[in-house]
Amino acid sequence: MARVITFGEIMLRLVPEGYLRFVQADSYEATYGGGEANVAVSLANYGIDAAFVTKLPKHEIGQAAINSLRKYGVDTSWIVRGGDRVGIYYMEKGASQRPSKVIYDRAGSAIATAKNTDFDWKQIFEGVEWFHFTGITPALNDDAAAICLEACKAAKEAGVTVSCDLNYRNKLWSKEKAGQVMGELCKYVDVCIANEEDASDVFGIKAANTDVTAGTVNHEGYKAVAKQLAERFGFSKVAITLRESISANDNNWSAMLYDGNDYYFSKKYKMHIVDRVGGGDSFGGGLICACLNGYDAQATIEFAVAASCLKHSIEGDFNMVSMEEVQKLAGGDASGRVQR
């Protein structure tokens, strides 16, 4: 069985009931989630040996975060215990033309206090085939960025494939700082994952004739984006999700994969959204799974997009679907008919 390591922050997620706004809420549903943790859960659900690495407090809230991963079979043995708090994010679910909103309360979280000496990457990468991180983790602070860099170097020395979801977050850092830090990290990345805006925000590489706020995505323009990314950093694969936002509830969803020679576009799904947070992470999990299972390029991008399409129908950060469910949708059964 392939073994995958993901590294980042898992947070407490607090969401008002239904579509209530923050100012209306008297109570919040508490769950856990975070970019790389979400990927680990997806992979574990597909039967892959996935381990999540982070730092969490020794108290009960830290333990609850760990338990939320163990519940789905994620290996938590490399999680370092220490620090005082678990990061929190509040999410207000959007509806119709009102967008979803996220407010972070993560300053001083345990992972933000981590140091290079907390992680023995040489030991962590023993027997590992794949390492995944996102642009969210190095955005936390300079120490987190340094840990990511050390992890990437150790992964390459161990012969481990490295993937990164650029995942630009303007509430965490500037485009200039993101470009500088991610530019150094991407020298060690084999598989780059991005959405329709990341390459522009982080590296200034823009797709022609695209306006994401108007729901207009020029698929052909992303061929040039992927090729430029691959040429600049030497990526073996570049995958870009293509979201056409009709409203907060309804999106068109597809993606493209570039393997250095050819471009592969998935089918397009018309989605009615239950919860879109974690959608990109579920795409990353699907892509990694397909690569580890030796799928060809077209099958790989179809599996990743189908996995992510299903995630948009599930409450919470984690993608609670099986390999068989993804394969069924990727194979063309999008009817949603009752299974008896």
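Right, let's walk through the structure included here. Model, not experiment: these values are computed from the prediction.

Notes on the environment of Asp-143
Mapped onto the fold, Asp-143 is located in helix 4 (residues 142–157). Sequence spacing of Asp-143 and Asn-116 is 27 residues, and the spatial spacing of their C-alpha atoms is 7.7 Å. The residues touching Asp-143, leaving out its near neighbours within four places in the chain, are Ala-114 and Lys-115.

Some thoughts on the environment of Ile-111
Here Ile-111 is to be found in the loop between strand 8 (101–105) and helix 3 (121–124). Judged by its relative accessible area of 3%, Ile-111 is buried. On a C-alpha basis, the gap between Ile-111 and Glu-244 in space is 34 Å, while along the polypeptide they are 133 residues apart.

Looking at the sheet that holds strand 8
The strand order 3-2-7-8 describes an open sheet built from four strands, whose pairing is mixed. The strands lining the two open edges of the sheet, one partner per strand, are strand 3 (28–33) and strand 8. Put simply, the sheet's adjacent strands are angled 25° from each other on average, direction ignored. Inspection of the sheet shows strand 7 (residues 88–92) paired to strand 8 by five bridges, in the antiparallel sense.

Concerning the packing of aromatic side chains
According to the stated counting rule, one finds 14 aromatic pairs in the structure shown. Judged by centre distance (5.7 Å) and plane angle (90°), the ring pair of Tyr-295 and Phe-303 falls under edge-to-face. Here the aromatic cluster, defined as three or more aromatic residues joined through ring pairs, consists of Phe-7, Phe-119, Trp-121, Phe-125, Phe-131 and Phe-133. A cation over a ring is seen here: Lys-93 above Tyr-19, with NZ or CZ 5.1 Å from the ring centre.

Examining helix 1 (residues 35–45)
Within helix 1, ten of the eleven residues are buried, leaving the element largely enclosed by the surrounding structure. Residues of helix 1 that are buried make contact with strand 1 (3–7), strand 3, strand 4 (49–53), helix 2 (60–70), strand 9 (130–134) and helix 8 (279–292). Taken from the residues just after helix 1, Gly-47 is the one with a positive phi, measuring 90°.

Description of the side chain of Thr-76
By the secondary structure assignment, Thr-76 is in the loop between helix 2 and strand 6 (80–81). In terms of polar contacts, Thr-76 uses its side chain to reach the side chain of Arg-70, at 3.0 Å. Not counting residues within four places of it along the chain, the set of residues in contact with Thr-76 comprises Phe-52, Ile-66, Leu-69 and Arg-70.

A short note on the nonpolar core
Within the largest apolar cluster, 57 residues are counted, with the highest numbers of intra-cluster contacts made by Phe-119, Trp-121, Phe-131 and Phe-133. Once residues lying within four places of it in the same chain are set aside, the contact partners of Phe-119 are Phe-7, Val-53, Thr-54, Val-80, Ile-111, Ala-114, Ile-124, Ile-147 and Glu-150. Of all hydrophobic cores here, the second largest spans 53 residues; its members include Val-74, Ala-239, Phe-283 and Ala-290.

Let's talk about helix 4
With 16 residues, helix 4 should reach 22 Å at 1.5 Å per residue; the first-to-last C-alpha distance of 23 Å fits that figure. The set of residues buried in helix 4 consists of Ala-144, Ala-145, Ile-147, Cys-148, Leu-149, Ala-151, Cys-152, Ala-154 and Ala-155. Against strand 1, helix 3, strand 9, strand 10 (161–165) and helix 5 (175–185) lie the buried residues of helix 4. Regarding helix 4, its N-cap is Asn-141, as a side-chain oxygen of that residue lies 3.1 Å from the backbone nitrogen of Asp-143 further along.

Observations regarding the pairing of strand 15 (residues 269–272)
Of the two faces of strand 15, only one is covered, namely that formed by Tyr-269 and Met-271; the face formed by Lys-270 and His-272 stays uncovered. Looking at chain direction, strand 13 (residues 250–258) and strand 15 are connected through four bridges and run antiparallel. Opposite Asn-251, over in strand 15, you have Met-271 as the bridge partner.

Looking at the environment of Phe-283
If you trace the backbone, Phe-283 turns up in helix 8. It is 25 Å that separates the C-alpha atoms of Phe-283 and Arg-106, two residues lying 177 residues apart in sequence. Look past the residues within four positions of Phe-283 in its chain and what remains in contact with it is Ile-193, Ala-239, Thr-241, Ala-255, Ile-301, Ala-304, Val-305 and Ser-308.

Reading guide: rules and limits
- Residues numbered from 1 in each chain as written.
- Predicted model: local features only at pLDDT ≥ 70, side-chain atom pairs only at ≥ 80, totals over all residues.
- Heavy atoms only, no water.
- Helix = DSSP H or I, 4+ residues; strand = E, 2+ residues; numbered from the N terminus.
- Contact = heavy atoms within 4.5 Å.
- Buried < 20%, exposed > 50% of the residue type's maximum accessible area, 1.4 Å probe, protein only.
- Pairing = 2+ DSSP bridges.
- Axes fitted to C-alpha atoms, helices over the stretch in contact; angles between N-to-C directions.
- Phe/Tyr/Trp six-rings, centres within 6.5 Å; stacked < 30°, edge-to-face > 60°.
- Lys NZ or Arg CZ within 6 Å of the ring centre and 35° of its normal.
- Polar contact = N/O pair within 3.5 Å; in protein donor to acceptor, adjacent residues only side chain to side chain.
- Core = buried A, V, L, I, M, F, W, Y, C linked by side-chain atoms within 4.5 Å.
- Expected span 1.5 Å × (residues − 1).

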